[in-house]
Amino acid sequence: MNPELFGWVEVIVALLLMLSGLFTLAAAVGIVRFQNFFQRMHPPALAFSFSSWCVTLATILYFSARREQLALHAWLIIILLSITVPVTTILLSRTELFRRRTHGAPSPDIPPALSHILPPPTGADGASKQTHD
């Protein structure tokens, strides 16, 4: 291992980790500054993704330089995080939207449910299906 080269790798890894911290700080500021739930959930989702990418790249770079071979085990982590963060964000937003529709006062900024917009489903014979509540 070339110590001079490894010193440069450590500098790049440190910069990536500091960039990750800046993304996380930006997410914290976004949570404090925004007014409602939907605005507050956007910065952490983006910052978490960017921060985790920076940490993953730093990990790959550091361990590849240290072992003098390509270390790609960290890719599994970022692939799973890249899949789960958007799904979690969508589920949280749908839950909050449902909660506001059912328990809150009607508001013009909340879109109506699709069941009120779409026509009722029809059966195979073209007759409207009856639902029992």
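Keep in mind the model is a prediction, meaning the values are calculated, not measured.

Draft legend 1. Structural detail: a nonpolar patch on the surface. There is a patch of nonpolar side chains on the surface, built from W8, V11, L15 and M18 and spanning about 460 Å² of accessible area. Among the secondary structure elements, W8 is positioned in helix 1 (residues 3-33).

Draft legend 2. Spatial organisation of the packing of helix 2 (residues 37-67) against helix 3 (residues 74-103). Put simply, helix 2 and helix 3 touch, their axes get as near as 10 Å, and they point 175 degrees apart. Judged by the angle between their axes, helix 2 and helix 3 are roughly antiparallel. Contacts between helix 2 and helix 3 pair F37, F38, M41, A45, F48, S49, S52, W53, T56, L57, T59 and I60 from the former with A74, W75, I78, L81, S82, V85, T89, L92, S93, E96, L97 and R100 from the latter. The residue inventory of the contact of helix 2 with helix 3, partitioned by class, reads 15 nonpolar, seven polar and two charged.

Draft legend 3. Inspection of the pattern of salt bridges at higher detail. The full count for this structure, using the stated rule, is one salt bridge. Of the charged contacts in the structure, one is a salt bridge between E96 and R99, with a shortest N-O distance of 2.7 Å. Residue E96 and its partner R99 are located together in helix 3, separated by three residues, close to a single helical turn. On the basis of relative accessibility, which here comes to 9%, the residue E96 falls in the buried class.

Draft legend 4. A look at unusual backbone geometry. Despite not being glycine, E68 shows a phi value in the positive range, around 60 degrees. Counting through the fold element by element, E68 comes out in the loop between helix 2 and helix 3. Classification of E68 as exposed rests on a relative accessible area of 55%.

Draft legend 5. Region of the structure containing the confidence of the model for the protein. Per-residue confidence for the protein gives a mean pLDDT of 80; residues scoring 70 or more make up 74%. Per-element confidence in the protein is highest for helix 1, whose mean pLDDT is 89, and lowest for helix 4 (residues 114-117), whose mean pLDDT is 58.

Draft legend 6. Summary view of helix 2. Under the 1.5 Å per step criterion, the end-to-end length of helix 2 is 45 Å for 31 residues, consistent within 8% with the ideal 45 Å. All of the buried residues in helix 2 are M41, P43, A45, A47, S51, S52, C54, T56, A58, I60 and S64. A distance of 3.3 Å separates the backbone nitrogen of F38 from a side-chain oxygen at the start of helix 2, and that oxygen is part of N36. A positive phi of about 60 degrees marks E68, the residue just after helix 2.

Draft legend 7. Structural detail: the packing of aromatic side chains. This structure, assessed with the given rule, holds four aromatic pairs. Ring centres of F23 and F50 lie 5.3 Å apart, and the angle between their planes is 40 degrees; this geometry places the pair in the tilted category. Taken together, the residues span a long stretch of sequence, with F23 in helix 1 and F50 in helix 2 at a distance of 27 residues. With relative accessibility at 26%, the residue F23 sits in the partly exposed group. With centroids separated by 5.2 Å and ring planes inclined at 85 degrees, the aromatic side chains of Y62 and F63 adopt a geometry described as edge-to-face.

Draft legend 8. Just helix 3, in detail. Between the first and last C-alpha of helix 3 there are 43 Å, a value that for 30 residues agrees with the 44 Å anticipated at 1.5 Å per step. Close packing links the buried residues of helix 3 with helix 2.

Draft legend 9. Representation of the side chain of S64 within the structure. Structurally, S64 can be placed in helix 2. You can call S64 buried: its relative accessible area is 14%. Every residue in contact with S64, bar those within four places of it in the chain, is listed here: Q69, L70 and A71.

The rules behind each value
- Position numbers for residues count from 1 along each chain, tracking the sequence in the order it is written.
- Predicted model: local features are reported for residues with pLDDT of at least 70 only, side-chain atom pairs are reported and counted for 80 or more only, and whole-chain, interface and lining totals are derived from all residues.
- By convention in this description, side-chain values take in all heavy atoms of the structure and omit both hydrogens and water.
- Here, patches come from residues exposed beyond 30% relative accessible area and free of salt bridges, joined within 9 Å for like charges and within 5 Å for nonpolar side chains (Val, Leu, Ile, Met, Phe, Trp, Tyr).
- For every accessible area listed, the method is Shrake-Rupley and the probe measures 1.4 Å; residues are considered covered only by the protein chains on display.
- A side-chain nitrogen of Lys or Arg and a carboxyl oxygen of Asp or Glu constitute a salt bridge if their distance falls within 4 Å.
- Working definition: helices are DSSP H or I runs of at least four residues, strands are E runs of at least two. Numbering for both runs from the N terminus.
- Only the contacting stretch of a helix is used when fitting its axis, a line to C-alpha atoms as for every element, and angles between N-to-C directions run 0 to 180 degrees.
- We call two directions roughly parallel when the angle between them is under 35 degrees, roughly antiparallel when it is over 145, roughly perpendicular when it lies between 65 and 115, and oblique otherwise.
- Throughout, a contact is declared for two residues whenever any of their heavy atoms are within 4.5 Å.
- Note on residue categories: nonpolar means Ala, Val, Leu, Ile, Met, Phe, Trp, Tyr, Cys or Pro, charged means Asp, Glu, Lys or Arg, and polar means any other residue, Gly included.
- Accessibility here uses a 1.4 Å probe with only protein chains present; expressed as a share of the type maximum, an area under 20% marks a residue as buried, one over 50% as exposed, and anything in between as partly exposed.
- As a per-residue measure, pLDDT reflects the predictor's confidence and takes values from 0 up to 100.
- Helix span is expected to be 1.5 Å times the residue number reduced by one.
- Contacts described as polar in this section are N or O atom pairs within 3.5 Å, which, within protein, must combine one atom able to donate a hydrogen with one able to accept it, while residues neighboring in sequence count only if both atoms come from side chains.
- Aromatic pairs are defined between Phe, Tyr and Trp rings, using the six-membered ring for Trp, whenever the two ring centres lie within 6.5 Å; interplanar angles under 30 degrees are classed as stacked, those over 60 as edge-to-face, and all others as tilted.

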